[in-house]
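Chain residues, written in single-letter form:
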Amino acid sequence: MESPRARRGRRSRPPRTRSLLYVALAAVTVVGGTAAGTVYMKAQAHSGAGPVSSATASASTSAAADGEESVEPVTQAAVDHDALLTAAMRSVSVEDGADVSVAVLDLDSGASASSGGGAFDTASIVKVDILATLLLQAQDADRRLTADEKTYATAMIENSDNDSASALWRIIGRAEGLDSANERLGLTGTAGGDGMLWGLTQTTAADQLTLLRQVFGDDSELSEASRTYLRGLMGQIAADQDWGVSAAADGSRWALKNGWLARSTTGLWDVNSIGRVTVDGRDCLVAVLSNGNSTKAKGISLVEAAAKAAVGVLADGD
């Protein structure tokens, strides 16, 4: 028979159901969305009072007047890639009187950076824009490129053939056709050259990055077939033109178009390069424009150094 003393001891222990209730109440999940990301917090059920831990961000809780708790996320400051690139460009050697502008975009993360500004002569990089315009016009007409157009396009992009570029410049309607297409492609600072002077089309590094996104991105006015065609040609540039932004790539993982032009009035060189490079498994779009170079070789060195600096900034700034 159970003694009275034993019965009193048994009644003094808390019921098991109350302990289970405490565990259930401790398993509280607080989810809060912030502009910088999602804060996920989960309380741990244990015997003593302990801090609430966060899986992806730190947060503090404070007791409100009505007894409820508020979650206050701690956000990280955004990386200023433009400032980092501007700083990196200070170590790039630029001749007196020369100017350079560069823009870069990581297609995977969306991170971007730019340095320098103003408008530059396109020289032969406009050939990418000419072909994009031709492809857009063909899409609108629901037709494929003719055999002659394909021959011109191949020679114009892979070998930078000027006669082929002039032929397609006429077909697209010269500057008027280019400017009309660029309105749809999102280029706001580019104006086609006068008459047959397609190489004197004016553009910006930011606009060239926009054009590259139309070619290498998924959200584009160009059809998938058009983008694939243009990418293929830019990936098969003649061996003697393998310079420029490709200097920032891993081996041969690049697609590009270069432009170079000696101005008759000054004898100074415009040297430009645009394209896609793959670095450490990341696809980056890069546009580098320069003018006022004393020689083509010095312009190439400048463009390549700027491309390396731009891609390096995105890798270091993550």
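From a predicted model like this one, the values you see are computed outputs, not experimental measurements.

Trainee: I tried to follow helix α8 (residues 205-216) on my own but got confused; where do I start?
Mentor: Because an α-helix packs 3.6 residues into every turn, residues spaced three or four apart end up facing the same way. Compared with the 16 Å implied by 1.5 Å per residue over 12 residues, the 16 Å span of α8 between its first and last C-alpha is a close match. Most of α8 is tucked away: nine of the 12 residues are buried. All buried positions along α8 are accounted for by Ala-205, Asp-207, Gln-208, Leu-209, Leu-211, Leu-212, Gln-214, Val-215 and Phe-216.

Trainee: Is there a simple way to explain the packing of helix α6 (residues 162-172) against helix α7 (residues 174-185) in this structure?
Mentor: Axis angle and axis distance: for two packed helices, these are the angle between their axes and the distance between the axes, and together they describe the pair. Running from N to C, α6 and α7 point in directions that differ by 70°, and their axes come no closer than 6 Å. By the angle class used here, α6 and α7 are roughly perpendicular. Of α7, the residues touching α6 (which contributes Trp-169, Arg-170 and Ile-172) are Arg-174, Ala-175, Gly-177 and Leu-178. Looking at the contact of α6 with α7, its residues break down into four nonpolar, one polar and two charged.

Trainee: Could you clarify how one ought to interpret a negative patch on the surface in this entry?
Mentor: Among the surface-exposed residues, Asp-218, Asp-219, Glu-221 and Glu-224 lie close enough to one another that they form a single negatively charged patch. Assignment of secondary structure puts Asp-219 in the loop between α8 and α9 (224-234). Asp-219 sits in the exposed class, given a relative accessible area of 74%.

Trainee: What am I meant to see in the sheet that holds strand β7 (residues 112-115) here?
Mentor: Pairing between sheet strands relies on hydrogen bonds along the backbone, with the strands arranged either parallel or antiparallel. Reading across from one edge, β7-β6-β12-β11-β10 is the order of the five strands in this open sheet, with antiparallel pairing throughout. This sheet does not close on itself; its edge strands, each paired only once, are β7 and β10 (254-262). Going from strand to strand, the sheet's axes swing by 5° on average, the running direction of each strand aside. With eight bridges connecting them, strand β6 (residues 99-106) and strand β12 (residues 282-293) associate as antiparallel partners. The residue of β12 that forms the bridge with Asp-99 is Asn-291. Along the sheet, helix α3 (residues 81-89) contacts β6 and β7; its crossing angle with β7, the most-contacted strand, is approximately 45°. Sheet strands touched by helix α10 (residues 296-316): β6, β7, β10, β11 (269-279) and β12. Its angle to β12, the strand with the most contacts, is close to 145°.

Rules used throughout
- Residues numbered from 1 in each chain as written.
- Predicted model: local features only at pLDDT ≥ 70, side-chain atom pairs only at ≥ 80, totals over all residues.
- Heavy atoms only, no water.
- Helix = DSSP H or I, 4+ residues; strand = E, 2+ residues; numbered from the N terminus.
- Expected span 1.5 Å × (residues − 1).
- Buried < 20%, exposed > 50% of the residue type's maximum accessible area, 1.4 Å probe, protein only.
- Axes fitted to C-alpha atoms, helices over the stretch in contact; angles between N-to-C directions.
- Parallel < 35°, antiparallel > 145°, perpendicular 65-115°, else oblique.
- Contact = heavy atoms within 4.5 Å.
- Nonpolar A, V, L, I, M, F, W, Y, C, P; charged D, E, K, R; others polar.
- Patch = residues over 30% accessible without salt bridge, like charges linked within 9 Å, V, L, I, M, F, W, Y side chains within 5 Å.
- Areas by Shrake-Rupley, 256 points an atom, 1.4 Å probe, with all protein chains shown as cover.
- Salt bridge = Lys/Arg side-chain N within 4 Å of Asp/Glu carboxyl O.
- Lys, Arg positive; Asp, Glu negative; His and termini not counted.
- Charge placed at Lys NZ, Arg CZ, Asp CG, Glu CD.
- Pairing = 2+ DSSP bridges.

So far we have only geometry, and geometry alone does not tell us how the molecule works.
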